[in-house]
Amino acid sequence: MSTMQKLLQLPVNAVNMVKNAQGIGQGEEEALSPVTPDGGTQNWYNAVQPEELRHLRFGGGGGGGEWSEEHPVQEEGLTSVQTQPLRHDDLKEMLDSNKDSLKLEAMKRIVAMIARGKNASDLFPAVVKNVACKNIEVKKLVYVYLVRYAEEQQDLALLSISTFQRGLKDPNQLIRASALRVLSSIRVTIIVPIMMLAIKEAASDMSPYVRKTAAHAIPKLHSLDPEQKDQLIEVIEKLLADKTTLVAGSVVMAFEEVCPDRIDLIHKNYRKLCNLLIDVEEWGQVVIINMLTRYARTQFLNPNVNESLLEESGERAFYASDDDEEDEDKKAEEAALPKRKPYVMDPDHRLLLRNTKPLLQSRNAAVVMAVAQLYFHLAPKAEVGVIAKALVRLMRSHSEVQYVVLQNVATMSIKRRGMFEPYLKSFYIRSTDPTQIKILKLEVLTNLANETNISTILREFQTYIKSMDKDFVAASIQAIGRCATNIGEVRDTCLNGLVQLLSNRDELVVAESVVVIKKLLQMQPEQHSDIIKHMAKLIDNIQVPMARASILWLIGEYCEHVPKISPDVLRKMAKSFTNEEDIVKLQIINLAAKLYLTNSKQTKLLTQYVLNLAKYDQNYDIRDRARFIRQLIVPTDKSGALSKYAKKLFLALKPAPVLESPFKDRDHFQLGSLSHLLNAKAGGYQELPDWPESAPDPSVRNQEEVIDSSEGRIGLLGDWRESGPPSSTLLEQSSGAEDRKRGRKAVKNQKSASESESESESSESEEEESEEESGEESESDTDIRKKKTPVSKQPPKQSKKESKKETQEMSLLDLDDFEPTTATAPVTPVNFMSSSLVSDLEGLSLTDSILAPTTIAPSGSIKMYELLHRIKGEGLAVEYCFSRQPFSPDPNMVAVQIQFTNNTNSETKNLHIEEPKLQSGMRVREFSEIEVLAAGDSVTVVMGIDFCDSTQAANFQLCTHTRKFFVTIQPPVGELMTPAFLTENDFKKEQENLLDGKLMGMNEISEKLSLGEKCVNEHIIVERVTATANLSRVPCGSDKECRFAGKTVSSGCLVLVTVATKEGVGAQLTVNCEKMVIGTMLVKDILQALSQ
């Protein structure tokens, strides 16, 4: 065990003594650091790739697995350190040390804690002080920490803004990028101008990595302040002109988030993006391909529609020769028009198809799927077939990937059936496939069925019916029905097979067969009266409601084919009418009506009996149906004209049902999108544009086509040599060279995994061919690179090492940037707003002298938050609300009223709280133990929680005498306050004091809003604000202003709210508060309440 590990296991008061004695062993401590995966302190940060850190963060394998095998002792030491209650105190002391080695060691441990999912937020004050540390390694790790927690601790992060601004001018590109990333993670509108200035400077940075980070920061700033859109578009336009592959994917992502409709920005960069596409990182390729798909749909003509137009015009010209002379000239002109302008594919359209085709061999399933959807939406019919083999290859991947791919194949196979016919066997179902995969494969097989392969497919379906998976069996029977509908030659064969299934022992198989047979019989009922008789005999044995209803409908619809059996069926069903399901009862009534109209002698009394039973049924649909039919079929004096047409209404010919694929109309969504997967428009989805009728001007893409002799592309990885400053050229070339090295190194590292995949897939001859092709292509690519690489000058060895080090560090800092919209501040979720409007009433007392009338929430039903559902709690249901009453044992705590309900048949004992897991500074005052809660009883208790003026959740265990349940209470920001009663002068004075503070205006947040339709007067505005937050009304001399005041429960910080109404529906909301996070969240909640 190292000296440092021993140090962390000692009490705090012994730390100083040990620190003085361990100077000699510092080298050993750093070498044996328990969080150093490669055994080296300086290289640890550089060596961890994004994939490895992502696995660590979510508890997966990766680097963590190798480390546990090589150094089990150190891993155990780390675990013991993290389980000690004083570990954070030791880390804080190390961070306050004057020695950089101790700071570095502490930061490594903290980052390792974050990677393992541990909460290190209480270390924020100690870490943020080291942001100005001169040691470059410490500074890198501090920025990694700040990116993770800057949103949660915004007040402290704001105090370090000056340091971040200095970091933006640091000589090290990683520090500049990290400072920008931290700055963009602070979600406070006050610093928007600072962020905008930083993004503009970073967009002009010499380092492509910093420019990439600037592109990632653009969507964050846009989501924080949409009014900055125009300035951000200028930055996007500048970054789109960037010629490095590192920036391309990120800036297109920013373009898609901020201004996806500004296709004029893409015109001049279109050809460059197509050429760089092969060398962009994989997720950048996905974004660019999806964007270019929509771009191409607006700029090029539809190749398939124009081909069909040519065929039609050719036919028209042929028949025009037989017309008279008057029409001949007109017809000739119409026929000659398409001849003058035959369809010729735009060279830029061909460029896109040609440059994306090699990506079908990508190892990333998302890239292959993106190229497949591009070809499906843009390519001529004759060329779309190339994507089939690539998609079939993806079906050997994980079940999640299979599911998405099969959804898209099912849509494609409806319009382009021939594309997948050669791969029919690839869609055969394995017994190990999940149910959803089986059903999707069935869908594809049904779509691919035709006269030539139907016998093979039906043999497969016959095998599937024997499966133990009932959902799959039902889907197989439905698939047989669809095949019989689509292919008339096998209809009788399928019908006979389904009739044989009626004798199956499994009731679900019989029921599904009945439903499908009913649909098939509607096509040729007169030929199959024997089948109808056979099904009538099954009515006694089949219990599934849908199947019974289908049999009754068949007998009623075709009662003339079975005149002797149908009255007897009605007699049997009349006996069991009261015990049947609603859907069966409705069909019994229909059967009775049809038999009354066709055979009233035998069925008149039965029909009256059934209608009398239905008249008093509990279901109002059945009662209404009985009354309606009685008036329709039994003529009386009061009967209207409709009774004359009763036979035509009931016995009219019904059209046969059309069995269609559920994927038939999904192709209007872009393939590969979430909307296509859900078959519903998802948030943020952009519609696929229709093809233009006439081609737009192609010259708009010629602006930057010509490349100077001093500038040329080198290699396949998209490096550019420019006639610019030497430093810029050298940096970009070295960066591109190191990208190539890193890519080759990643291929070597993953060689074993790819070999094992190829071994598992080698049983399929098609896969072997595809792998050989990809291998040959990759070899040829390598040869081309080898030939072209010597053109660029090689930098010195020293700069190579540094560049390699930096590119690896980039990946660690760049984990979450491809999801910029998900990085949001820890603001109370929207649903808390609507919940708080009704939960505010809970616990309010009109007789309490402490509360003023203005603090009482509007009347309405009391909404309780669910703490423990009765199913999860095994019969114990627990709900809570915020009572807005002072908590008498401790006025700095929020009173939470909890209601226990025992839904079991036995009593619950010893209800109490254990092991509260709270954020730093939070406290809980537990309620007294409930000794016994009788069966069916409810009891209400009150507990106090000091949330430390934050909306972070309080976690604890709710215990009974037999079980423990983990529960969470999270407050809306408005419940963290208590009313403060001020005069108008006091309000103005406190507002001026807040604005005169050291932060120079950071205590005030002001927003413009449009009042909702219901906010018509001052009373409703006051009602909504006080319902949102526990504030009191402050008297005001102006009719156009409403003022409110309150204090935070925990710290007593003053909160002042002003709503100034303007002409029309406009208003100005101002919140003054020392705590920036509280103020920001409160503004959001009040804005939402007043806008509704």
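The structure we're discussing is the one just above.
The structure contained in this document is the topic of the report that follows.

What counts and how
- Residues numbered from 1 in each chain as written.
- Predicted model: local features only at pLDDT ≥ 70, side-chain atom pairs only at ≥ 80, totals over all residues.
- Heavy atoms only, no water.
- Helix = DSSP H or I, 4+ residues; strand = E, 2+ residues; numbered from the N terminus.
- Buried < 20%, exposed > 50% of the residue type's maximum accessible area, 1.4 Å probe, protein only.
- Contact = heavy atoms within 4.5 Å.
- Areas by Shrake-Rupley, 256 points an atom, 1.4 Å probe, with all protein chains shown as cover.
- Pairing = 2+ DSSP bridges.
- Axes fitted to C-alpha atoms, helices over the stretch in contact; angles between N-to-C directions.
- Phe/Tyr/Trp six-rings, centres within 6.5 Å; stacked < 30°, edge-to-face > 60°.
- Lys NZ or Arg CZ within 6 Å of the ring centre and 35° of its normal.
- Expected span 1.5 Å × (residues − 1).
- Patch = residues over 30% accessible without salt bridge, like charges linked within 9 Å, V, L, I, M, F, W, Y side chains within 5 Å.
- Salt bridge = Lys/Arg side-chain N within 4 Å of Asp/Glu carboxyl O.
- Parallel < 35°, antiparallel > 145°, perpendicular 65-115°, else oblique.
- Nonpolar A, V, L, I, M, F, W, Y, C, P; charged D, E, K, R; others polar.
- Core = buried A, V, L, I, M, F, W, Y, C linked by side-chain atoms within 4.5 Å.

**Quick notes on the overall build of the protein chain**
Working step 1: Per the secondary structure count, the protein chain includes 50 helices and 17 strands.
Working step 2: Burial statistics for the protein chain: of 1092 residues in total, 51% are counted as buried.
Working step 3: Relative to all contacts within the protein chain whose residues are 6 or more apart in sequence, the contacts with residues 24 or more apart total 69%.
Working step 4: Surface summary for the protein chain: the accessible area is close to 52,500 Å², and the carbon and sulfur share equals 51%.

**Observations concerning the sheet that holds strand E9 (residues 938-946)**
In sheet architecture, strand pairing relies on hydrogen bonds along the backbone and comes in two forms, parallel and antiparallel.
Working step 1: Read across the sheet, five strands follow the order E3-E4-E5-E9-E7 without closing on themselves; strand pairing throughout is antiparallel. In the strand order of this sheet, the two ends are held by strand E3 (865-868) and strand E7 (923-925), each with one partner. Mean inter-strand twist for the sheet, computed between neighbouring axes without regard to direction, equals 30 degrees.

**A closer look at the sheet that holds strand E11 (residues 964-969)**
Working step 1: Strand order in the open sheet formed by four strands is E8-E6-E10-E11, with antiparallel pairing between adjacent strands. Edge positions in the open sheet fall to strand E8 (930-933) and E11, since each of these has one partner strand only. Averaged over all adjacent pairs, the angle separating strand axes in this sheet is 35 degrees, with direction ignored.
Working step 2: In this structure, strand E6 (residues 908-917) lies alongside E8, joined through three bridges in antiparallel fashion. Bridged to Thr908 within E8 is Leu933.

**Notes on the packing of aromatic side chains**
Working step 1: For the structure on display, the rule yields 13 aromatic pairs.
Working step 2: Pairwise contacts between aromatic rings join Phe124, Tyr145 and Tyr149 into one cluster.
Working step 3: Above the plane of the ring of Phe376 lies Arg416, whose end atom (NZ or CZ) is 5.2 Å from the centre.
Working step 4: In this structure, Lys518 is placed above the aromatic ring of Trp553, and the distance from its NZ or CZ to the ring centre is 5.0 Å.

**Regarding helix H38 (residues 582-598)**
Working step 1: With 17 residues, H38 should reach 24 Å at 1.5 Å per residue; the first-to-last C-alpha distance of 25 Å fits that figure.
Working step 2: With respect to burial, H38 is a largely interior element, 14 of its 17 residues being buried.

**Quick notes on a nonpolar patch on the surface**
Working step 1: There is a patch of nonpolar side chains on the surface, built from Leu642, Tyr645 and Leu649 and spanning about 310 Å² of accessible area.
Working step 2: On the secondary structure map, Tyr645 appears in the loop between helix H40 (620-633) and helix H41 (646-650).
Working step 3: Residue Tyr645 is classed as partly exposed on the basis of its relative accessible area of 43%.

**Describing the environment of Gln608**
Working step 1: Topologically, Gln608 is positioned in helix H39 (residues 600-615).
Working step 2: Each C-alpha atom, one on Gln608 and one on Ala626, is 10.0 Å from the other, the two residues being 18 residues apart in sequence.

**Observations regarding the side chain of Ser476**
Working step 1: Inspection of the secondary structure assignment puts Ser476 in helix H32 (residues 470-486).
Working step 2: Since its relative accessible area comes to 0%, Ser476 is described here as buried.
Working step 3: Excluding residues within four positions of it along the chain, Ser476 makes contact with Leu442, Tyr464 and Ile465.

**Digging into the environment of Val280**
Working step 1: Summarising the element assignment, Val280 is placed in the loop between helix H20 (270-276) and helix H21 (282-299).
Working step 2: With relative accessibility at 5%, the residue Val280 sits in the buried group.
Working step 3: Each C-alpha atom, one on Val280 and one on Leu246, is 6.7 Å from the other, the two residues being 34 residues apart in sequence.
Working step 4: If sequence neighbours within four positions are ignored, Val280 has contacts with Thr245, Ala248, Gly249, Gln285 and Ile288.

**Quick notes on the packing of H38 against H40**
To characterise two packed helices, one gives the angle between the axes of the helices and the distance between these axes.
Working step 1: Look at H38 against H40: their axes get within 10 Å of each other, and the N-to-C directions meet at 5 degrees. Taken together, the axes of H38 and H40 are roughly parallel relative to one another. In this structure, H38 contributes Asp582, Lys585, Leu586, Ile589, Asn590, Ala593, Tyr596 and Leu597 to the contact, and H40 contributes Asp621, Ile622, Arg625, Ile629 and Ile633.
Working step 2: Per-class residue counts for the contact of H38 with H40 are eight nonpolar, one polar and four charged.

**Focus: the nonpolar core**
Working step 1: Counting residues in hydrophobic clusters, the biggest one holds 270 residues, and the most contacted among them are Tyr145, Phe427 and Phe900.
Working step 2: Discounting chain neighbours no more than four positions away, the residues touching Phe427 are Val392, Met395, Leu406, Val409, Phe420, Lys441, Val444, Leu445 and Leu448.
Working step 3: Counting eight residues, the second-largest nonpolar core is a separate cluster that includes Ala980, Leu982, Val1034 and Leu1056.

**A word on the pattern of salt bridges**
Note that side chains of opposite charge can pair when their charged atoms are close.
Working step 1: According to the stated counting rule, one finds 34 salt bridges in the structure shown.
Working step 2: Close ionic contact of Glu557 with Lys594 constitutes a salt bridge, the shortest N to O distance being 3.0 Å. In this pair, Glu557 is assigned in helix H36 (residues 545-557) and Lys594 in helix H38, connecting sequence segments 37 residues apart.
Working step 3: For the salt bridge of Glu687 with Lys681, the shortest nitrogen-to-oxygen distance reads 3.6 Å.
Working step 4: Each member of the salt-bridge network shares a partner with another, and the members are Arg271, Asp346, Asp348 and Arg701.

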